[in-house]
Amino acid sequence: MTVPLPASPKPSQSLTTIILKVLFVMIILLLLPQFVTSRGASARRRRKLAKKYNTIKWDCEHGRTCARLLPEERMSCVSNCVSEECHDTVYGANPLEDGEVDFRMDRLFENCVKADLKEAAKRERRERAALLAKRD
């Protein structure tokens, strides 16, 4: 008793399929390092920005300006110390009462300060590049 074998694919189709698969794998391998490095660089920048923000906030919380206040009373003092401009922008129309916590406004304030820090870093890099260009 013989069992019939299934028909084999046409040689041109299998070769085309193999070529497409190889090209697809090559494209993935070529693009993969770009995805990895771009995520790593942006994550490093975010961590650096968060660290700078937390350092400034800690200095205000424990410095001469706000350390004398109770922790519940110092939130407004700390935000004003960190950035007067962002404090006025976020809390100006609706200031927090002592001990009040508004996570949405706190997030807006933190994003405002980080945007200012990012802009200051860009400005500093441009000035440094201009100085280096003047030297040459």
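Residues numbered from 1 in each chain as written. Predicted model: local features only at pLDDT ≥ 70, side-chain atom pairs only at ≥ 80, totals over all residues. Heavy atoms only, no water.

(A) Expanded view of the overall build of the protein. Along the protein, the regular secondary structure elements total four helices and zero strands. The helix and strand sequence of the protein, counted from the amino end, reads α-α-α-α. Counting all 136 residues of the protein, 16% fall into the buried class. Across the protein, every contact between residues at least 6 apart in sequence was considered, and the portion connecting residues at least 24 apart equals 48%. (Helix = DSSP H or I, 4+ residues; strand = E, 2+ residues; numbered from the N terminus. Buried < 20%, exposed > 50% of the residue type's maximum accessible area, 1.4 Å probe, protein only. Contact = heavy atoms within 4.5 Å.)

(B) Geometry of the state of the cysteines. Enumeration according to the criterion identifies three disulfides in this entry. With a sulfur-sulfur separation of 2.2 Å, Cys60 is cross-linked through a disulfide to Cys81. The sign of the S-S torsion, about -75°, decides the handedness of the disulfide formed by Cys60 and Cys81: left-handed. Within this pair, whereas Cys60 is found in helix H1 (residues 11-62), its partner Cys81 is found in helix H2 (residues 75-82), the two being separated by 21 residues in sequence. (Disulfide = S-S within 2.5 Å.)

(C) Main features of the packing of aromatic side chains. Tallying each qualifying case throughout the model produces one aromatic pair. Taking 5.9 Å as the distance between ring centres and 40° as the angle between the ring planes, the aromatic pair formed by Tyr91 and Phe109 counts as tilted. Of this pair, Tyr91 sits in helix H3 (residues 84-91) while Phe109 sits in helix H4 (residues 103-135), and the two are 18 residues apart along the sequence. Under the relative-accessibility criterion, Phe109 is labelled buried at 2%. (Phe/Tyr/Trp six-rings, centres within 6.5 Å; stacked < 30°, edge-to-face > 60°.)

(D) Focus on the pattern of salt bridges. This model, assessed by the stated rule, comprises four salt bridges. Here Glu110 ties to Arg107 by a salt bridge, and the two come within 3.7 Å at their closest N and O atoms. Of this pair, Glu110 and Arg107 are both found in helix H4, three residues apart, which corresponds to roughly one turn of the helix. Taking relative accessible area as the criterion, Arg107 reaches 47% and is therefore assigned partly exposed. Among the salt bridges present, the one from Arg126 reaches Glu119, with a minimum N-O distance of 3.4 Å. Among the charged side chains, a salt-bridge network with shared partners connects Arg107, Glu110 and Lys114. (Salt bridge = Lys/Arg side-chain N within 4 Å of Asp/Glu carboxyl O.)

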